[in-house]
Structure formats: structure tokens, C-alpha cells
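In case you want the letters, here they are:
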Amino acid sequence: MTTASTDAADFDTTKEPPMPEAADAASDRRDDDLAWFTIVVREHSTALVRYFARRGPRQDAEDLAADVFATAWRRRVDVPREAVLPWLYRTAGFTLANHRRKLVDLPVDEVPEQGERRVAEDPELSALFDDELRGALMSVGERDRRILLLHAWEGLDGEALAEALGISRSGADAALSRARKRLREAWGERMSF
């Protein structure tokens, strides 16, 4: 038998050529990721834009939210499906910190930890209706203030707050409790009427 006749005999025309399963799986995964991401953007874009509008220049809010979504797309494998919004808020905190560092050209030793200048430049605090409350919030420290505002303004508590802070549930509960206690104490010290 010749080589040509052997090759023809081995080739069965009734069978379909094998499809690469890996390519199909990758395509399905990409489609699933795109569907998931579309839902995430629809459900959470308003919350993220509001998050940034309360904390920085309103004209930057949409761009900063887009940066968070770009990060979510790049790191979509790392985003916990049961806690998407807290993960987005945590990423938004990092994005906002990076954005603020770009805007301020100060040596590290000159960056104020707290003070009048910091409050005046922080739309989150200046939007609060009462000077006494602004002072009390300022006096509790940046971490406590962040925890209180994530809880009060963004409605996060329990697992969601823990995810946004990058700590355990019990750690988040304890941090929120401590932040509330410090705010009550600061508020009580500042009450002048």
C-alpha cells in the first residue's frame, strides 16, 4: 500500500474535525466576564460617582469612577462576586488617594495630618451642616472618619464594611464601634450649648 492510500484510508470524512476546547472555554469565559462587568457597571456606577463627588471635585467624579471600573475589569478574577460594591469602594479609596497625591505637590514632611486647611479643602467635611460636627469628625482621625462615612453615607456595615476596609468582619465591627465611641466623645467635648 502506498503512503497516499494509507493517508486517505485514515481520514474519515464522516467525522467533524476536533474543535479546540480551550478556545471555546476562553470565549465562554470572556462572554461571562463581559456580561458580569456590564451588570456591575449598571448597578454601581451611580454609587461610585456619588462617592467621588462627595470627596473631591465633582468634575473628576466620573473619570475617577471610570478608573475604578477599569481596575475592576483588569482584576475581575480577584473581585469577590458576593461583595462587589465593597470591593469597588475599597478600590475607590485607593484611586482617590492616588488622585489627591497627583494634585498636591508637597514634600511628605509638609503634608498636614489634620487642621483647618485640611477641613477647608475636603468637600466631604465642608458639606456637613454643622461646624461642631465637622470639628468632632476632624478630631477622630482620618481612619475613623473614613469608617464612619463609609457606614453613614455609603451604607456599609458588617461584611461589606470589612471588605471595603480590607479587614475581617469582627475587625470591621470593632473599628466601627471604636470610631463611633471616639466621635461621641469628641462631640461631647465640643458641645458648647
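Heads up: the structure comes first, above all this text.
Rules behind the numbers
Residues numbered from 1 in each chain as written. Predicted model: local features only at pLDDT ≥ 70, side-chain atom pairs only at ≥ 80, totals over all residues. Heavy atoms only, no water. Helix = DSSP H or I, 4+ residues; strand = E, 2+ residues; numbered from the N terminus. Buried < 20%, exposed > 50% of the residue type's maximum accessible area, 1.4 Å probe, protein only. Contact = heavy atoms within 4.5 Å. Areas by Shrake-Rupley, 256 points an atom, 1.4 Å probe, with all protein chains shown as cover. Salt bridge = Lys/Arg side-chain N within 4 Å of Asp/Glu carboxyl O.

> Any chance you could break down the overall build of the protein chain for me, citing the residues and the numbers?
A count of helices and strands for the protein chain gives ten helices and zero strands. For the protein chain, with 193 residues in total, the buried portion stands at 33%. Long-range pairs, those at least 24 residues apart, make up 63% of the contacts in the protein chain with a sequence separation of at least 6. Of the roughly 12700 Å² of accessible surface on the protein chain, a fraction of 52% belongs to carbon and sulfur atoms.

> Residues and numbers for the pattern of salt bridges, please.
Applying the stated criterion across every chain yields a total of seven salt bridges. Here Glu-154 and Arg-54 are joined by a salt bridge, their closest N and O atoms 2.8 Å apart. Placement of Glu-154 in the loop between helix H8 (142–152) and helix H9 (158–165) and of Arg-54 in helix H2 (residues 21–55) is noted, with a sequence separation of 100 residues between them. One salt bridge connects Arg-55 with Glu-154, and the closest N-O pair in it is separated by 2.9 Å. Placement of Arg-55 in helix H2 and of Glu-154 in the loop between H8 and H9 is noted, with a sequence separation of 99 residues between them. Because the salt bridges share partners, they merge into one network encompassing Arg-54, Arg-55 and Glu-154.

> So what about the environment of Ala-160? Which residues, and what values?
Mapping Ala-160 onto the fold places it in helix H9. Ala-160 sits in the partly exposed class, given a relative accessible area of 22%.

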